[in-house]
Amino acid sequence: MSQYRYYGQSLLLLLALCLTLPPGLLQAEDNTEAQPVEAAEQRSFKAIAEEYRGSIVTITHLDRNGEQLGMGTGFVIDEQGLIATNRHVLGEARPIEIEFADGSSYDIESIYASDELADLAILKVAPESLKGQKLKPLRLGKTVEQGDDVAAIGHPRGYRNSLVTGIVSGTEEINGRELIQVSMPIDHGNSGGPLLNQQGEVIGVITYKSASSNSIGFAMPISELQSILEKPNPVTLARWTTIGRLNPKHWQEHMGASWTQRAGRILVSGTGSGFGGRSVCLSQTEPPSVTKYEVRVLVKLGDESGAAGLIFDAEDRDHQFGFYPSGGNLRLTRFAGPSVYNWQILEEISTPAYRPGEWNELLVSIDDYHVRCFCNEQLVAEMRNRTPAENIHVGLAKFRDTSAEFRGFEVGESLQESGLEPEVRAELLSLVEKTTTGELTAPKTLRRIREMPVGVQSELDQLAEELEQRARELRKLRRRNHEMQVSEQILSELEEADADVVTLGLLLARYDNAEIDVDSYLQSVESMVNDVRELAEDSDGDEVAKRQLLDRYLFEESGFHGSRTNYYHKSNSYLSEVIDDREGLPITLSSLYIGMAERLGLDVRGIGLPGHFVVRQFVDGEPGDLLDVFDRGQKLGLIDAISRVEGEHQLPWNEKYLEPQSERQILVRMIRNLQGISEQEQDYSGVLRYLNLLVAVDTDNELEHRYLRCLIAIRERESATAGDDLAWLKTNGSETIPAARLEELEAFSARWLGGNEESPAGEPAGDSNSK
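What counts as what
Residues numbered from 1 in each chain as written. Predicted model: local features only at pLDDT ≥ 70, side-chain atom pairs only at ≥ 80, totals over all residues. Heavy atoms only, no water. Helix = DSSP H or I, 4+ residues; strand = E, 2+ residues; numbered from the N terminus. Buried < 20%, exposed > 50% of the residue type's maximum accessible area, 1.4 Å probe, protein only. Contact = heavy atoms within 4.5 Å. Areas by Shrake-Rupley, 256 points an atom, 1.4 Å probe, with all protein chains shown as cover. Expected span 1.5 Å × (residues − 1). Core = buried A, V, L, I, M, F, W, Y, C linked by side-chain atoms within 4.5 Å. Pairing = 2+ DSSP bridges. Axes fitted to C-alpha atoms, helices over the stretch in contact; angles between N-to-C directions. Arc of directions from axis to C-beta. Phe/Tyr/Trp six-rings, centres within 6.5 Å; stacked < 30°, edge-to-face > 60°.

With respect to the overall build of the protein chain
Scanning the protein chain for helices and strands turns up 19 helices and 37 strands. Counting all 771 residues of the protein chain, 51% fall into the buried class. Long-range contacts, defined as pairs at least 24 residues apart, comprise 63% of the intrachain contacts of the protein chain with a sequence gap of at least 6. Roughly 35,300 Å² of accessible area belongs to the protein chain as shown, and the carbon and sulfur atoms make up 45% of that amount.

Focus on helix 17 (residues 702-715)
In an α-helix, one full turn covers 3.6 residues, which means residues spaced three or four apart are oriented alike. Taking 1.5 Å of rise per residue, 14 residues should cover 20 Å, and helix 17 covers 20 Å from first to last C-alpha, within 8% of that figure. Judged by how many residues are buried, helix 17 sits mostly within the fold: ten of 14 residues are covered. Buried residues of helix 17: Glu702, His705, Arg706, Tyr707, Leu708, Arg709, Cys710, Ile712, Ala713 and Ile714, and no others. Next to the buried residues of helix 17 lie helix 15 (663-680), helix 16 (684-697), helix 18 (719-732) and helix 19 (739-753). Directly beyond the C-terminal end of helix 17, a positive phi value near 60° is found at Arg717.

Concerning the environment of Phe409
As for its position among the elements, Phe409 is in strand 30 (residues 404-412). Judged by relative accessible area, Phe409 falls into the partly exposed class, the value being 21%. The spatial distance from the C-alpha of Phe409 to the C-alpha of Ile266 is 9.1 Å, given a sequence separation of 143 residues. Excluding residues that lie within four positions of it along the chain, Phe409 makes contacts with Trp251, Ser283, Val295, Arg296, Val297, Leu310, Val394, Gly395 and Leu396.

Some words on the nonpolar core
Grouped together as the largest cluster of nonpolar side chains are 73 residues, with contacts concentrated most on Ile490, Tyr593 and Met596. Those residues in contact with Tyr593 that sit more than four places away from it in its chain are Arg547, Leu550, Asp551, Leu554, Phe555, Val604, Val615, Leu627 and Val629. In terms of nonpolar packing, the next biggest core, distinct from the first, is built from 36 residues, Trp251, Ala308, Val380 and Ala404 among them.

Observations concerning the sheet that holds strand 26 (residues 360-367)
Across the sheet, seven strands lie side by side as 18-19-30-21-26-27-28; this open sheet has antiparallel pairing. Among the strands making up the open sheet, the edge pair consists of strand 18 (256-262) and strand 28 (378-383). Taking the axes of each pair of neighbouring strands and ignoring which way they run, one obtains an average angle of 25° across the sheet.

Structural notes on helix 18
For helix 18, with 14 residues, the first-to-last C-alpha span of 20 Å sits near the 20 Å given by 1.5 Å per residue. What helix 18 keeps buried is the set Thr721, Ala722, Asp725, Leu726 and Leu729. The arc that holds the buried residues of helix 18, viewed along the axis, is 130°, so those residues lie on one side.

Observations regarding the packing of aromatic side chains
In total, this model carries 13 aromatic pairs according to the counting rule given. Centroid distance Trp259 to Phe406: 6.2 Å. Interplanar angle 20°. Geometry classified as stacked. Here Phe406 lies in strand 30 and Trp259 lies in strand 18, a separation of 147 residues in the sequence. According to the relative accessible area criterion, Trp259 is buried, its value standing at 4%.

Side note on the sheet that holds strand 36 (residues 634-636)
Within a sheet, neighbouring strands are paired by backbone hydrogen bonds and run either parallel or antiparallel to one another. Pairing in this open sheet of five strands is antiparallel, and the strands run 36-35-34-33-37 from one edge to the other. One side of each edge strand has no neighbouring strand; the edge strands of this open sheet are strand 36 and strand 37 (660-661). Relative to strand 37, strand 33 (residues 603-609) runs antiparallel, the two sharing two bridges. Paired with Ile607 across the two strands is Pro660, which belongs to strand 37.

Structure follows, in structure tokens:
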């Protein structure tokens, strides 16, 4: 048996190399009413390709950073905008883009029909995107026989609209489906393309290729496509695309463009359908009062020729005021309708308060009839003739074909901060000025900083700009102060009798990204739990049944799934981004599952199988089903678990693997995952940061963490950390670490930190036993 794989994926299938069948056996089943038709004339494939090239599309899906991840082929089957392709070409819950040979592209309204087992899907173009235009469909055929000449049009290895020819050599059964086997040169990128006969009819959809030969491939018979076309199961693109999707309970998008979320930020790109490429995103958090409120956001434009910022006093999608940067200046604008004739620029402001290319804070303060607009805490515009409506919203807007990022969006009665008191600011300035650069991040300095108010963070940023020659150490101080805060919060949570694994996972995400609002994500989790409670209102209280409702909500209705395409992306280890994108590693998905189950009164615990984290439900204290949350909650039998450990990871089975993991153990495993990714990326400053956290959290293995941290600190020239760890190891590790090894480490430290530029030998190995 030979191996075959999906185009665009690493899925391997065991197939026979060839199969000889008698003529006629490949005739597809015809369920349509018979109609008298004349036999189509045979033509050259060159002529057919020239006629149909305009009906072939390139289909791409995007990764978590918005970059192209996979490419495949599709073809028009209906003039109103139905496009056929392979299911695997669409990726998993990802944004999809299509492009025709002439460069034109259209918005996708829905996945009109799909069948995973047949690996087929049909896309539907949004009617408003077509603007009355009709597409040219390919004709669908019915029969194919062994020995027939056939051709395929696709994008092998990215070479778009390439024509290849061959013959039908037989059939092969794959996953219970009988596929057409063809002998022709096909490759990655042909997936989803049409298999054509000499009458120009589509008789199959190119689906698989041989892993051992580029001249053998397989196509799904056209009867399978006709079957799903007759029984569509539409899924709107908004529901399909969970990667970075904004929560509709919090935001309502209007007039197109692409609004997504990533690690506490909102990103927008593309051109809106409103005048001037306008698109708005209204917050569902209403101002506390129509007569007094403030709204604030930080914005950074990807292109200063564009425009993006705040909207306020919004009655609907077309009626509102805007305050935003545009072309390097700031604008205060009124929108009184959908057209350019209802657009009035109230004030164009050129001010040094706005910093092009950087993050800028915009704040609008409303007090009865008085509107004040601030940029980076400086008043830049005012309006005194405001007429408030009865119901208003606030939100974000963008114009033209620009991209922008937003963070820290807030609405409330009063958001302006008074800053540090003068005496505190003076104390901070004195401390910084009198402290040498090398001592800025010393523990004694950190202790003094920690005693000051929270506003010290922004003040440190300003000092870093003013004292450019010391900016690096000041920012390091700020980051370490944040890391110490989060580390303390993590330790405090672990000390609680009912420590919450979801809170711990979110704090770990915040350890890397200070913009993460833990409370906001906890509210989102509670909202999801309430949705499950509503589903369970009519249940009889059976715990297994309630858990199955949780499964249905997470995996079927919300689309949470394991990340198979970007498995080692850091986003999969951040619980905040797993909640945003509904995609993650086994352990992060399991952590969310455990946390939601606990809030529902269910006893679900983590099981740390080597290399793959799963969960187990306990009923009345007795162990029940093992569940693979990474695989949408599929049940695992004991044999499955043993096979996974012994077969995939080559480890002898140990019953201890089935022991439930504590919240601390789960957190440590998540930290080790991030540490391993940093090691693979050779980001040793990142490794050092995770080791700092492990030293604080995983005290049972402190010796191991201290030793590795000492090595990394020496490499990164963190002399204070290296010296502290070396002293600790001499005192606490002498019974475990040979004296000669400690002496070698000390000599290595003296040589490296003494200015030797030779890189330290030996790099730490990643931990592959987590996930």
